[in-house]
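# Structural description and commentary
This is what each chain is made of:
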Amino acid sequence: WEDAGGGGGKVVQVVNKFDATEITTNSSSYVDVFGADASITLGSSDNHVVVLWSTGEMHQGNSGGAAVLTIYVDVRRETTDYSQSATVLEEQKFSVTSPDAGFPLGGSIYDAGSNFGGVTQTYQVRWKRSGGNNDSQMKGCSLILMEIEA
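Every value quoted in this text rests on a predicted model; they were computed, and no experiment measured them. (Residues numbered from 1 in each chain as written. Predicted model: local features only at pLDDT ≥ 70, side-chain atom pairs only at ≥ 80, totals over all residues. Heavy atoms only, no water.)

Positionally, threonine 55 belongs in strand β3 (residues 48-55). Apart from the residues lying within four places of it in its own chain, the contact partners of threonine 55 are Pro104, Leu105, Met138, Gly140 and Cys141. (Helix = DSSP H or I, 4+ residues; strand = E, 2+ residues; numbered from the N terminus. Contact = heavy atoms within 4.5 Å.)

This part takes up the pairing of strand β10 (residues 136-148). In terms of residue burial, β10 counts as a mostly covered element, since eleven of its 13 residues are buried. Across eight bridges, the pairing between β3 and β10 is antiparallel. Bridge pairing in β10 links serine 54 to serine 142. Pairing of strand β4 (residues 58-60) with β10 involves three bridges; the strand directions are antiparallel. The residue bridging histidine 59 from the neighbouring strand is glutamine 137, located in β10. (Buried < 20%, exposed > 50% of the residue type's maximum accessible area, 1.4 Å probe, protein only. Pairing = 2+ DSSP bridges.)

Turning our attention to the side chain of threonine 122. Residue position: threonine 122 is located in strand β9 (residues 120-130). You can call threonine 122 buried: its relative accessible area is 12%.

Moving on, we get to the confidence of the model for the chain. The pLDDT averaged across the chain works out to 77; a share of 74% of its residues lies at or above 70. Here β4 is the element of the chain with the lowest mean pLDDT, 72, and β3 is the one with the highest, 89. (pLDDT = per-residue confidence, 0-100.)

For the rest of this paragraph, the subject is the pattern of salt bridges. Tallied over the full model, the rule gives two salt bridges. Aspartate 74 is paired through a salt bridge with arginine 126; the nearest N and O atoms lie 2.6 Å apart. Here aspartate 74, found in strand β5 (residues 69-79), pairs with arginine 126, found in strand β9; they are 52 residues apart in sequence, far enough to count as distant. Residue aspartate 111 is joined to arginine 77 by a salt bridge in which the shortest nitrogen-to-oxygen separation is 2.5 Å. Here arginine 77 lies in strand β5 and aspartate 111 lies in strand β8 (residues 106-111), a separation of 34 residues in the sequence. Assessed through its relative accessible area of 7%, arginine 77 is described here as buried. (Salt bridge = Lys/Arg side-chain N within 4 Å of Asp/Glu carboxyl O.)

Quick look at the structure:
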């Protein structure tokens, strides 16, 4: 990589969390994806965080027939010192009508936040379901945090 001369934009640190476990939920309230929390403490309050996240295939189980099932996934941030309330950074949803239809979800977030320096930020991937009586299933989840120098 060549320095563009303007300073900033460099990756200072990277935190990577991955869990390949297949999990199931029938909750209509958000629940944490097991193993998909990651924390990062920035070296400067001017620095930012890039969040990359993805799920493995998500689909409905066979427990309740073929009604439409909507699965929601969100990514949120909170500080370990609770100086800021939890903030939902992104939410995605998709609907399936067959247990055989499944899709991965993912995204990238540029989190500029404010006054991050020295305070640990924890990012979580959470999910819930609505509609139908089926369980929703997820095959793994990845969460990557990158501190970007301002």
